[in-house]
Amino acid sequence: MLRRFVFLLAICAVQVLADYIHKDGTCIWYGQCGHDDSNPPKPQNCLYNGPAKQLIDPEGLKILEDHCPWLLGGANGTYTCCDTNQLKTFANQTGQANQLLSRCPSCYRNFLENYCEMTCDPGNSQFVNATKIAKDDDTNTTKITEIKYYLTKQFAEGMYNSCKDVQFPSSNSKVMSLFCGAYGADHCSAERWLGFMGDKANGQTPFQIDFTIVNKTNPVPAPMIAMNMSIYPCSEGIGNLTAPCSCQDCVASCPPAPPPPPPAYHCYVYNIDCVTFYVMISYLVFLLFFFVWLCICYRNALFSCKRKALVTSENPSVNSDNEDSVNSDGEEIQIHHPEIKESDIGCRERLGETIHRYLSLFFQKWGTLCAGHPIIVILITIVVVTGFSVGIMFLEVTTDPVELWSPPASRSRLEKNYFDSSFGPFYRTEMLIITAPTFNVTDYETYPFQKIIPFGPVLGKDILHQVLDLQTDIEDLKVWYDKEQRNIKLSDICYAPLAPDNKNCTIESVLNYWQNSHENLDKEAMDPETGLFVAADYHDHLMACVGASSAIDDTTALHMPCLATYGGPVFPWTALGDYDGENYNNATSLIITFPVNNYKKDDKENAAALERATVWEKGFLEFIQNYSNPNLTIAYQAERSVQDEINRESSSDIFTIAVSYLLMFGYVTIALGQFGSCDRLLIDSHVTLGLAGVIIVLLSVSSSIGIMAYLKVPATLIVIEVVPFLVLAVGVDNIFILVQRYQRDRRLPYENRAQHVGRVLGDVAPSMLLTSLSESVAFFLGALSNMPAVKAFSLYAATAVFIDFLLQISCFVAVLTLDSARQESNRYDVMCCISDKKAGQQDKKPGILYQLFEKFYAPAIMWLPFRIFTIIVFSLMAFTSGAMMAHISVGLDQKLSMPQDSYMINYFNNLSTYLNVGPPVYFVVRDGYDYTVESEQNMICGGAGCNVDSLSSQIYHAAQLAPYTRVAHPASSWIDDFFDWATPGGGITCCRIYNNTQEFCPATVQNDSCSACRPSEEKYDRPTPEEFQEFLPFFLEDNPGIQCSKGGHAAYGSAVTFTNENKTKVGATYFMTYHTVLKNSSDYIAALEQGRKVSHNISSMITRTSQLDEEFNVFTYSLFYVYYEQYTTIVMDSVMNLGIALGAIFLISFVLLAFDFFTSLFIVGTIAMITLDLIGLMYLWGIMLNAISLVNLIMSVGISVEFCSHIARAFAVSTKNTRVERAKDAITHMGSSVLSGITFTKITGIIVLAFSKSQLFQVFYFRMYLGIVFFGALHGLVFLPVLLSFIGPGVNKAKAYEEQDRAPLIEDSESSDIRSKPDTLQSPTDGDPNIPRRDIQGYYYA
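Okay, so let's go over this structure.

Rules and cut-offs
- Residues numbered from 1 in each chain as written.
- Predicted model: local features only at pLDDT ≥ 70, side-chain atom pairs only at ≥ 80, totals over all residues.
- Heavy atoms only, no water.
- Pairing = 2+ DSSP bridges.
- Helix = DSSP H or I, 4+ residues; strand = E, 2+ residues; numbered from the N terminus.
- Axes fitted to C-alpha atoms, helices over the stretch in contact; angles between N-to-C directions.
- Phe/Tyr/Trp six-rings, centres within 6.5 Å; stacked < 30°, edge-to-face > 60°.
- Buried < 20%, exposed > 50% of the residue type's maximum accessible area, 1.4 Å probe, protein only.
- Lys NZ or Arg CZ within 6 Å of the ring centre and 35° of its normal.

Considering the sheet that holds strand β28 (residues 1066-1074)
A sheet is described by the order of its strands in space; here four strands give the open sequence β27-β28-β24-β29, paired in antiparallel fashion. Every interior strand has two partners, whereas the edge strands, β27 (1056-1058) and β29 (1114-1117), have only one. For this sheet, the mean inter-axis angle between neighbouring strands, taken without regard to orientation, is 20°. In terms of strand pairing, β27 meets β28 through two bridges, oriented antiparallel. Across the sheet, residue V1056 finds its bridge partner in β28, namely T1069.

Topic: the packing of aromatic side chains
Two descriptors summarise a pair of aromatic rings, namely the distance from one centre to the other and the angle between the planes of the rings. The final tally for this structure, using the stated rule, is 70 aromatic pairs. With a centroid separation of 6.3 Å and 15° between ring planes, the pair formed by F286 and F290 is classed as stacked. One end of the pair is F286 and the other is F290, both in helix α9 (residues 274-314) and four residues apart, which spans about a single turn. Using a relative accessible area of 30% as the deciding quantity, one classes F286 as partly exposed. On the accessibility criterion, F290 (8% relative accessible area) is buried. Among the aromatic residues, those joined into a ring-pair cluster are Y108, F111, Y115, F127, Y149, Y160, F179, W193 and F211. Geometry around Y358 places R357 over its ring, the cationic atom sitting 5.6 Å from the centre.

Side note on the pairing of strand β6 (residues 141-152)
Pairing analysis gives eight bridges linking strand β5 (residues 128-136) to β6, with the strands arranged antiparallel. Along β6, the bridge assignment pairs D136 with T141. Connecting the antiparallel pair β5 and β6 is a turn made up of four residues, with N140 showing a positive phi of about 55°. Both β6 and strand β9 (residues 208-214) contribute to a ladder of seven bridges, which runs parallel. Paired with I147 across the two strands is I209, which belongs to β9.

Focus on unusual backbone geometry
Note that the residue after A222, namely P223, is joined by a cis bond; omega there is 5°. Take P223: it is sitting in the loop between β9 and β10 (268-269). In this structure, the amide linkage connecting A499 to the following residue, P500, adopts the cis form with an omega of 5°. Looking at the element boundaries, P500 is found in the loop between α15 (490-493) and α16 (518-522).

Comments concerning the sheet that holds strand β13 (residues 428-435)
Taken in spatial order, the four strands of this open sheet run β20-β21-β13-β22, and their pairing is antiparallel. This sheet does not close on itself; its edge strands, each paired only once, are β20 (576-577) and β22 (633-637). The sheet contact formed by β20 and strand β21 (residues 589-596) spans two bridges and is antiparallel. Bridged to L576 within β21 is L590.

Encoded structure:
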């Protein structure tokens, strides 16, 4: 209360003044009398209430002509209320306004009218009254210390409206943020602007000016009048001298704004998403057709069966050729095929059977050869594989995300390379996000307005001091660098834009508003009237600086600068977080960023500097990890953090991966064994054989890696982690099929072991070739992808799968032969030197799993109701997955790439929670643009005279639609600031040269030999081409300061490049702004796409209106573009890669399945359904579509071949009577091997991945691998047999014809005792192959 009382007394105090004359031709002052008490002191005017005096001094007349030409009197002489000294002061004091406002000539002209009329108008006593005067002791004269200046509302608001939108490009803000004090640009008004400019406390005004806007409630006292000059609207030029202000600086100059784009259209039918609705309808239509077809088929089949049964009873010699007959109970009617004649066989069937026969014969002979010389085959394999694997020594592993996910020829990669080569790589960033969760919001009462302003918890002075201590500790942090035997500090590696003039590091921190000084943070300014109250403290300074971060003077009673120690501004949106709108005082977090110089990895000259940076970053991370402050919560990261954590994650998961593979290896070695009796347990186990199969898988992987290393194809972590899994899946499946087929098969009486192994290989190798070749070709075609990670995976996987197949039909066959000899000799597994002669003979009967499939599983799934149920359920799964596929998210959550206990997860969470601005974005104009030509300048700049669709204007318009375009602010424009910097006018101009040397003279230099670069007559003209070339390098070297805030060194030192040494030819340049806050992958993708739309429009404008080649373009660049560009095409890439893989599988299957179109189609269709269901699982389990999941999808296609092709081929070659019997036959002979092989093996290893510490493994490997195996097994062992039982192709007549002429020696019956009379068997004589021969255990095949 006391504070308010004293304040009211102060403003109510009345000083009695003499009556002044207020009429035309009479002055209120003239000349200067002494100075005020500020530092530096400012001259004040002498009280003079007399007639205006003639101005005859040429220097004064020149200044008056430059600034106030309408006051020149012509032939009758010029009479003013100001002398030359006043005019010099006037010119100096309007110099900064000239730099800031001259980009909008109408605004600056109105501004000058206001002050010219007040200072020099010959009748200024009509609207200016001296309200306070004082005696100057030095000159013994009376000076005016306070005036009241009456303005009409029309003029005041007209002047404000012409200036309110003028931009300050280098700070991405409006000039009013500097000219309206604590109100800032957003809360400014004509009254507040004038009030601030007239306030002596702003540090610029030499005496108090009480601007009074006259209205009905506040009339001007008689006989005075209100000043009312004509206003130049910003949408109009100053006569013919200038162009209107640009759209950026004057809303009235803008063309009609295009309507904001409509929100994304979402289609709904009865409140159901259109895609879902149409899928539902499609599914119902499918069911309708299915049941109609089923009824028709059932009716026809039943009628056909009855008719043929009647015919058969009358004529037993007639057989049925019906493929799928059922009775009324849904039971299969056993009908035999009619006798096939050779003339019934078509060309396709004959050709197909020939291919199949020759393939089988080839593999039989090959297998016999390998089995006959096992030791030689193994030795040759070892030599060849060793030769391939040696290439691993030359292996290059790529871990750089740019190299992994961005194709070298991609647009973003080329643009990044161009940016890096032109301007240098983007800075390395070390960042802290600091909150104070235990502190509360505090309120601050402003003086003298008593306005209550809340301040967030982190903006308390105590917290700011603690944070400043932390920041200072980081600045002073010393890290030992062993190579150079010295300590490294931040100053050794940091980005210092004004070096060598100013070596302070760039630190984007709110504490830089106080120049990182505890003393400045504690400063307070007392009320000058009473000296009792705090007129301004750190609260006021903060509010001033967030509104004008480039201010040299905060215009509060503190008169402190806002400019950071490194010479540039700290934008509040980069240093404060989690505030609403532009109420920065509500921030709940502080963001501190330390930019560090960065270099290309292949830059050998700066390799040491790059290493120094990484060493310091390591020390920085250790320091923060050990830092403790109960009042602060800190999220942090360094440039190296992501790579460090990925490496740590990879290391931590080595054990998990190893356990996974060991379990799979262990299962394979055990599952291949035959355990019929305890006596033969150690003999019939196949640990050695299983281990050999696993080793062959590993050798195929190592050979693949070696071959690719020879070919200089870099590997990736995906290759190392995924390819072994894939090859193990393919290899194990083939191993189980081969071994189990051999175990179930009986040796022909005339065969030796090698021939037996060769015949078995001849039976199964075509199926193995079908799957392996399909996968290899599919993967090789997948290498057509332009995504490096996908291409590398495809090449390595294709090579490994094919080598694995070659090793299986050679080396593994040799090992199988040796193991068979060991088993038949009753020698123990592993300990093969020990034999057990009492162990008895092996009983070659089918395994338990085979019997389960034959007796229970196959009949169960062929039950008609179950088959119908299967089609309904699996088709529902496919249609549902198709509906979900349209809604799957694209991208990669960065947190998933980090270990669960990583500090980076907390950082990413804080980043999305607290940041209020996105990454910086650069609009890059390529080399070759001629900036010296005015017409070319107009297509780039954003000031008066520039095109309405110029680069700066289009970015400005984009910022007005920020929620859509993702461009947060207008771009900082070096060319606009250069024009302002080069404009003559004011007391001390920015562009000055030494008269004697013609070298640049900075505005900070006080030297009489320095003069303006350009004459004042050119104040409305742009620099000539010669001046542009000469003065632009000066602008880029000039440091901003009090005299010249437009110096371009800090803001644009790296934004402009030159193509020649004397810096006369401008090369590539950029215009920087920021994206809006981006929180997830969809935001980043949208920002990339919208940024490119803006740059495309700019490029189209330039090439359309200039003589430049059509290939010339402006492009947008941001650090994340190179990572997220893949997602703009990931959907089409996925469709293309999966389509190519499926197409390759179809073609290979079509050829190797004897040109069986429908079987090939069913294989591909089933694989497509597996992939579709996997995509549906991705949606349900929150797995996003990205390069990792795309690799898994491609791999799923390959693995699905194993689940489908073996069974489909078994069905195709089966000659059973009906489709159902053929399906039973296929699932019986192949199903058990598929289940025990690939399914159980993969499940064993996958379960372990669920316990991985890596979220990436849990999401993209455990979840997707589980889905691959689950859906693969479900479709391969259930859906495909059922589908084939309904609509599978007919029996191959050529195959049936061959079998009907083949009469077995003894009927092949599982139930018959083929060993009942082993003694009656004879040994072959004279090489007659028809005489049966008994093996060592008395087995033979009939």
